[in-house]
Amino acid sequence: MSVPQKSDAPKKKSAPSKAAASKGGETHQQAAGDGVVLTTNQGTGISDNQNSLRAGGRGPTLLEDFILREKITHFDHERIPERIVHARGSAAHGYFQPYKSMKHVTSAAFLADPKVKTPVFARFSTVAGGAGSVDLPRDVRGFAVKFYTQEGNFDLVGNNIPVFFIQDAIKFPDLIHAVKMEADRGYPQAGSAHDTFWDFVSLMPESLHTIMWAMSDRAIPRSLRMMEGFGVNTFRLVNSAGKTNFVKFHWRPVLGTAAVLWDEAVKISGADPDFHRRDLFEAIESRNFPEFEFGFQVIDQKTADALPFDVLDATKLIPEEIVPIEMVGKMVLDRNPDNFFAETEQVAFCPSHIVPGIDFSEDPLLQGRLFSYLDTQLSRLGSPNFHELPINRPKCPFANMQRDGHMQMLTAKGRANYEPNSIDPAGARESPSVGLRTAPIPTEAAKVRLRSESFADHYSQARLFYRSVTPQERKHIGEALTFELGKVDIPAIRQKMLGHLNIIDKTLGGTVAEELGMTGEAIAAKPSVMPIDLDLSPALRLYGKYKPTLKGRKVGLLLAPGFNLKLKNALVAAINKEGAAAAIIALKVGGVEDSAGTRHPAEMALRGSPSVMFDAVAVLAGPAGDKALSATPDAVGFLMDACRHLKAIGLSGSPELAGKAHAVGPVGITDIGAAKDIAAFIGFAREGKVWARESA
Ligand code: HDD
């Protein structure tokens, strides 16, 4: 153990070593050393943690120094292989509580009693980038939740997009190889805008529906707290009478959904690569606990049979307008991990971790996932005993005859390590009554490598999504496709993609072709099944579906010398009343003087706090402050970007800056001359983005 132990080692003040003394006396730690004694992993007290053992003060280091060797050896092995996908992630602890009993559809105990709180650990991630990549590339986000139920762990390993790129798990390595950095050059990191990815997509039309989502603003979320989540694959629910239904799992953020604009995402990636991780951590630290409602779409066989697509096809969704989502409970994330590595890094999710009352469907993507996750944990965590790590260990009793293995942490007692046995009558035994029983779904059929005909339509739902979302979302999809395809070197890949886009929607294909300067160059795609026009589904929209709110958001207040203190205080109070946070920014982090010459502390310096880090901004200045700001490119950029990024803007006493930043006239800019004007600013800020400015 490398954590400080309440060891039997003597708790006495350690004397500085001679060597340390000869090199300049006591260090900080040595002087403060009244607490727990630093020891080796074997519990031997360490007298000097600053100097290795050497032959004389300037001589070579001695091999004998087991303290040095133990410390360096441990350090050399501090990293484990990062996840092959979803390497970059952030997580939190919390609990799930059902609103009502769901006994009629599932026997799962954690869904049976509204009084029962089930502990959870949720990890959000990007897919393509490495563990050290930025938080805001254009990418699907992972949304994985481990429920530590009283009947065992249930892992719901989903994404923030309800559909997937491929229909069969056998294509997953190809998909991931294509999207990750290219094999020869090792770039781009965490980005899909390159040839190999679009080559794959252009040859795999089944990916087009998910592509529409990945090119939408869903792939650049404002916050992990403001994303929807989906189980993606179809699962089954089984009740105590053995009756089964299909189910699609959904998560809905109580704060509503929000995304940033692409230009914001690019700038945030530079200004704060940990934007999402910091946002999640700080929200929980400040007790603004992220909340997500858990919803079920329960689908009986008859409804499934009547759908114009196959429920087993992970590239398809079931519109809420056909099967509504029933909200069954809420997850609250109320505790940050104590240690990133021990928890966020070592947590091991597996879709195969289910509990009685939940079962798999025959979805060929899910079936492959059932193998892959357990397998990957063996190489990532290095031992079949990964379930014994505290973050993975069930919180209910667990017992079986599995023994030994690398890093065994449990000390099994007794002789009986096999079953059946007569030696330990009180030992663990199978239980037909409480054990998991697989739903007896009939499966007899010929063994074939074949894709069902019912999976053949790759365009109808891509069209459904594109046509159902708001005009802004459609515009951004077109822009994202233009950006991504503009980064593709091989013209034929772009031409093939234009052919696919034309089938999804002629206007989309035409706009992207025009923006690429490739009108008339599309290579026609030949769908095996011609798309149909499905009834539009407004529920697929990202914007306008939730009530306007400023809750959980962050407003940046840039204060410059001579600002009006009364107005600033009123503004902060109004922002806090909305459940939002106000961040005080000044030219210098040391502080800023108000109109009465009183100095006030700042939380952030302007240079490190561009407006992309906030949901809305206000600038408060006196005449001297306005002059100083307009002479500062960072301040002009602050306001210009806020304007370009459609943020609500409040301005008080900063006409010169506003002029320089072209922030005069556009809708959503409020002149805050007096406290009564604050309401108008808050009104715009609640909307998230001032879309009218984009259209203008
Ligand atoms: Fe996967 C990780 C979600 C298809 C193989 N996947 C992983 C994580 C999420 C998803 C959220 C990160 C979990 C964490 O935070 O540790 N994956 C999905 C979804 C899919 C999907 C929603 C489609 C419905 N995945 C998928 C397929 C395969 C994998 C088809 C392989 C056949 N996924 C893995 C993996 C990972 C993983 C290689 C990497 C790290 C890990 O499992 O623990 O096994």
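Quick caveat: nothing in here was measured; it's all calculated off a predicted structure. (Residues numbered from 1 in each chain as written. Predicted model: local features only at pLDDT ≥ 70, side-chain atom pairs only at ≥ 80, totals over all residues. Heavy atoms only, no water.)

## A closer look at the overall build of the protein chain
Right, so step 1: Secondary structure assignment for the protein chain yields 21 helices and 18 strands.
Right, so step 2: Since a compact globule built from 696 residues should have a radius of gyration of about 26 Å, the 29 Å found for the protein chain is in line with a globular shape.
Right, so step 3: Judged by the C-alpha coordinates and their principal axes, the protein chain covers about 90 × 85 × 55 Å.
Right, so step 4: Sorting the 696 residues of the protein chain into buried and exposed places 51% on the buried side. (Helix = DSSP H or I, 4+ residues; strand = E, 2+ residues; numbered from the N terminus. Rg over C-alpha atoms; globule rule 2.2 N^0.38 Å. Buried < 20%, exposed > 50% of the residue type's maximum accessible area, 1.4 Å probe, protein only.)

## Some details on the site of the ligand
Right, so step 1: Neighbouring residues of the ligand: 22 residues in total, closest R83, R123, R369, Y373 and Q377.
Right, so step 2: Taking H86, its side chain carries an N or O atom lying 3.4 Å from a nitrogen atom of the ligand.
Right, so step 3: A distance of 2.9 Å is found between an oxygen atom of the ligand and a side-chain nitrogen or oxygen belonging to Q377.
Right, so step 4: The set of elements that each furnish at least two residues to the shell around the ligand consists of β3 (141-149), β4 (152-159) and α11 (364-381).
Right, so step 5: Ranked by residue count, the leading element in the shell around the ligand is α11, at 6 residues. (Near = heavy atom within 4 Å. Polar contact = N/O pair within 3.5 Å; in protein donor to acceptor, adjacent residues only side chain to side chain.)

## A closer look at helix α7 (residues 262-271)
Right, so step 1: Three or more residues of α7 are buried, namely D263, E264, A265, I268 and S269.
Right, so step 2: Where α7 is buried, its residues contact α8 (275-285) and α18 (633-644). (Contact = heavy atoms within 4.5 Å.)

## Some words on the confidence of the model for the protein chain
Right, so step 1: Across the protein chain, pLDDT averages 94, with 95% of residues at or above 70.
Right, so step 2: Mean pLDDT across the secondary structure elements of the protein chain bottoms out at helix α1 (residues 18-22), with 39, and peaks at strand β2 (residues 118-126), with 99.
Right, so step 3: The low-confidence segment residues 1-32, where pLDDT is below 50, has 37 contacts with residues more than four positions distant or belonging to other chains. (pLDDT = per-residue confidence, 0-100.)

## Overview of unusual backbone geometry
Right, so step 1: The peptide bond linking Y187 to P188 adopts the cis configuration, its omega dihedral lying at 0 degrees.
Right, so step 2: Note on placement: P188 falls in the loop between α4 (172-179) and α5 (195-203).
Right, so step 3: Note that the residue after E419, namely P420, is joined by a cis bond; omega there is 5 degrees.
Right, so step 4: One non-glycine residue with positive phi stands out, namely M407, at about 60 degrees.
Right, so step 5: Structurally, M407 can be placed in the loop between α11 and α12 (460-468).
Right, so step 6: What makes M407 exposed here is its relative accessible area of 62%.
Right, so step 7: Although it is not a glycine, H662 sits at a positive phi angle of roughly 55 degrees.
Right, so step 8: Relative to the helices and strands, H662 resides in the loop between α19 (655-660) and β18 (669-671).

## A short note on the domain arrangement of the protein chain
Right, so step 1: The domain boundaries assigned to the protein chain delineate domain 1 (84-171 + 219-378) and domain 2 (554-695).
Right, so step 2: Averaged C-alpha coordinates put domain 1 and domain 2 at centres separated by 37 Å.
Right, so step 3: At the junction of the two partners, domain 1 supplies 10 residues and domain 2 supplies 12 residues.
Right, so step 4: Carbon and sulfur atoms make up 53% of the area that domain 1 and domain 2 hide from each other, which totals about 970 Å².
Right, so step 5: Linking domain 1 with domain 2 are 6 salt bridges.
Right, so step 6: The closest approach of N and O atoms between R222 and D615, which form a salt bridge, is 2.5 Å.
Right, so step 7: Contributing elements (two or more residues each) for the side of domain 1 that touches domain 2: α7 and α8. (Domains from an automatic or database assignment. Buried area = accessible area lost by both parts, 1.4 Å probe. Salt bridge = Lys/Arg side-chain N within 4 Å of Asp/Glu carboxyl O.)

## Comments concerning the pattern of salt bridges
Right, so step 1: In total, this model carries 38 salt bridges according to the counting rule given.
Right, so step 2: The closest approach of N and O atoms between R185 and E182, which form a salt bridge, is 3.8 Å.
Right, so step 3: Here R185 falls in the partly exposed class, since its relative accessible area comes to 42%.
Right, so step 4: The buried category is assigned to E182, whose relative accessible area is 11%.
Right, so step 5: Residue R236 is joined to E362 by a salt bridge in which the shortest nitrogen-to-oxygen separation is 2.8 Å. In this pair, R236 sits in strand β6 (residues 235-238) while E362 sits in the loop between β10 (358-360) and α11, placing the two residues 126 residues apart along the sequence.
Right, so step 6: Its relative accessible area of 4% is what places R236 among the buried residues.
Right, so step 7: Among the charged side chains, a salt-bridge network with shared partners connects R218, E228, R252, E320 and K545.

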